[in-house]
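The chain contents come next:
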Amino acid sequence: IAAALAHLAARQGDLASLLTFDEGLREYMPPGSTQNHLRQICRVLERNEPGSRTSVAQALRKGFGLCRQRGVLVLISDLYDDPGEIFSALHRYIHARFQVILFHVMDPAELSLEPGSLAQYRDMETGERIIADPLRLAPGYNARMAEFIHSLRSLAARRQVEYVLARTDTHYFDLFEKYLRRRKR
């Protein structure tokens with residue numbers, strides 16, 4: 001998604017920047033639009049691996065100082081952070097009149113836990129593993145996930161932030177097409 005958006009921006013004559021993060025800022029590519037710049041953005045994205053724990057809100061706060069001029073902030077994340085903290089951190093961008101778009105990246109298996117036999121789960125950031133019974137967890141998990149997504153959507157609507165649920169089983173062409181069609185309404 002990030003690489004495609006950077007290429008689209010450059011084709012329109014706009015500048016594209018990239019910031020990767022976990023608890024802190026990892027790599028920053030300042031604004032640019034040359035083919036070399038886009039290749040560098042792609043290299044950074046290709047090298048990007050899950051690291052330590054992530055704090056979306058903390059990264060947004062630290063990244064604000066890198067934004068020299070108003071533009072479009074596209075946040076691509078699973079948004080596993082406190083929704084109130086995320087929107088508190090986004091307040092500076094909104095106040096500075098950035099257009100903010102959230103691409104909430106979720107695997108279908110994260111959206112709805114299917115009841116089944118014992119399963120092993122691994123935290124992508126810490127490597128921690130647990131064994132759990134999805135049959136017992138599914139009702140509570142699914143209710144909490146629906147509440148989490150509803151909270152993000154509600155806060156986004158109140159703050160005039162665009163929210164896009166980006167399922168990993170949806171090709172980014174289809175995702176962009178759906179997003180652009182919705183914007184035209």
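It should be emphasised that the depicted structure is a prediction, and the values quoted were computed from it without experimental measurement.

J.: Help me understand the overall build of the protein in this model?
T.: When its secondary structure is counted, the protein shows seven helices and seven strands. What you see in the protein, going N to C, is helices and strands ordered as α-β-β-α-α-β-α-β-α-β-β-α-β-α. Each principal axis of the C-alpha distribution contributes one length, and for the protein these read about 50 × 35 × 30 Å. The buried share of the protein, taken over its 185 residues, is 32%. Excluding contacts between residues fewer than 6 apart, the proportion of contacts in the protein whose partners are at least 24 apart in sequence is 67%. When the 26 basic and 22 acidic side-chain charges of the protein are each reduced to a single mean position, those positions are 8 Å apart.

J.: What is the right way to read the sheet that holds strand β7 (residues 162–167) from this model?
T.: Across a sheet, strands are paired by hydrogen bonds formed along the backbone, either parallel or antiparallel in direction. The three strands are arranged β3-β4-β7 in an open sheet whose pairing can be described as parallel. Of all the strands in the sheet, just β3 (72–77) and β7 have a single pairing partner and so form its edges. Averaged over all pairs of adjacent strands, the angle between strand axes in this sheet comes to 15 degrees, irrespective of strand direction. Where β3 meets strand β4 (residues 99–106), six bridges bridge the pair, whose relative direction is parallel. Pairing of Ser77 across the sheet is with His104, part of β4.

J.: Would you take a moment to explain the packing of aromatic side chains for this structure?
T.: Two aromatic rings are characterised by how far apart their centres lie and by the angle between their planes. Inspection of every chain in the model, using the stated rule, returns six aromatic pairs. With a centroid separation of 5.5 Å and 80 degrees between ring planes, the pair formed by Tyr93 and Phe98 is classed as edge-to-face. Given the relative accessible area of 12%, Phe98 is considered buried. The interplanar angle of 55 degrees and the centroid separation of 4.8 Å between the aromatic rings of Tyr172 and Phe173 together place this pair among those described as tilted.

J.: What exactly am I supposed to notice about helix α6 (residues 134–158) here?
T.: The periodicity of an α-helix, 3.6 residues per turn, causes residues three or four places apart in sequence to face the same way. Here α6 contains 25 residues, and its C-alpha end-to-end distance of 34 Å stays within 8% of the 36 Å for a straight helix at 1.5 Å per residue. The largest bend in α6 amounts to roughly 30 degrees and is located at Gly140. Buried residues of α6: Pro134, Ala138, Met145, Phe148, Ile149, Leu152, Leu155 and Ala156, and no others. Buried positions along α6 lie against α4 (83–95), β4, α5 (108–111), β5 (119–122), β6 (129–132) and β7. Near the N-terminus of α6, the side chain that reaches the backbone nitrogen of Leu135, with its oxygen 3.1 Å away, is that of Asp133. Gln160 sits one or two positions beyond α6 and adopts a positive phi of about 60 degrees.

J.: What am I meant to see in the nonpolar core here?
T.: Soluble globular proteins tend to pack their nonpolar side chains together in the buried interior. Residues Leu60, Phe87 and Leu90 are the most contacted members of the largest nonpolar core, which totals 27 residues. For this core, the elements supplying multiple residues, two or more each, are α3 (56–63), β3, α4, β4 and α6. Looking at which element gives the most residues to this core, the answer is α6, with six residues. When residues no more than four places from it in sequence are discounted, the contact partners of Leu90 are Leu60, Leu73, Val100 and Leu102. Core analysis: the next-biggest nonpolar cluster, separate from the first, contains nine residues, Ala6, Met29, Leu38 and Val44 among them.

Conventions used here
- Residues numbered from 1 in each chain as written.
- Predicted model: local features only at pLDDT ≥ 70, side-chain atom pairs only at ≥ 80, totals over all residues.
- Heavy atoms only, no water.
- Helix = DSSP H or I, 4+ residues; strand = E, 2+ residues; numbered from the N terminus.
- Buried < 20%, exposed > 50% of the residue type's maximum accessible area, 1.4 Å probe, protein only.
- Contact = heavy atoms within 4.5 Å.
- Lys, Arg positive; Asp, Glu negative; His and termini not counted.
- Charge placed at Lys NZ, Arg CZ, Asp CG, Glu CD.
- Pairing = 2+ DSSP bridges.
- Axes fitted to C-alpha atoms, helices over the stretch in contact; angles between N-to-C directions.
- Phe/Tyr/Trp six-rings, centres within 6.5 Å; stacked < 30°, edge-to-face > 60°.
- Expected span 1.5 Å × (residues − 1).
- Bend = angle between axes of the 7 residues up to and from the residue.
- Polar contact = N/O pair within 3.5 Å; in protein donor to acceptor, adjacent residues only side chain to side chain.
- Core = buried A, V, L, I, M, F, W, Y, C linked by side-chain atoms within 4.5 Å.

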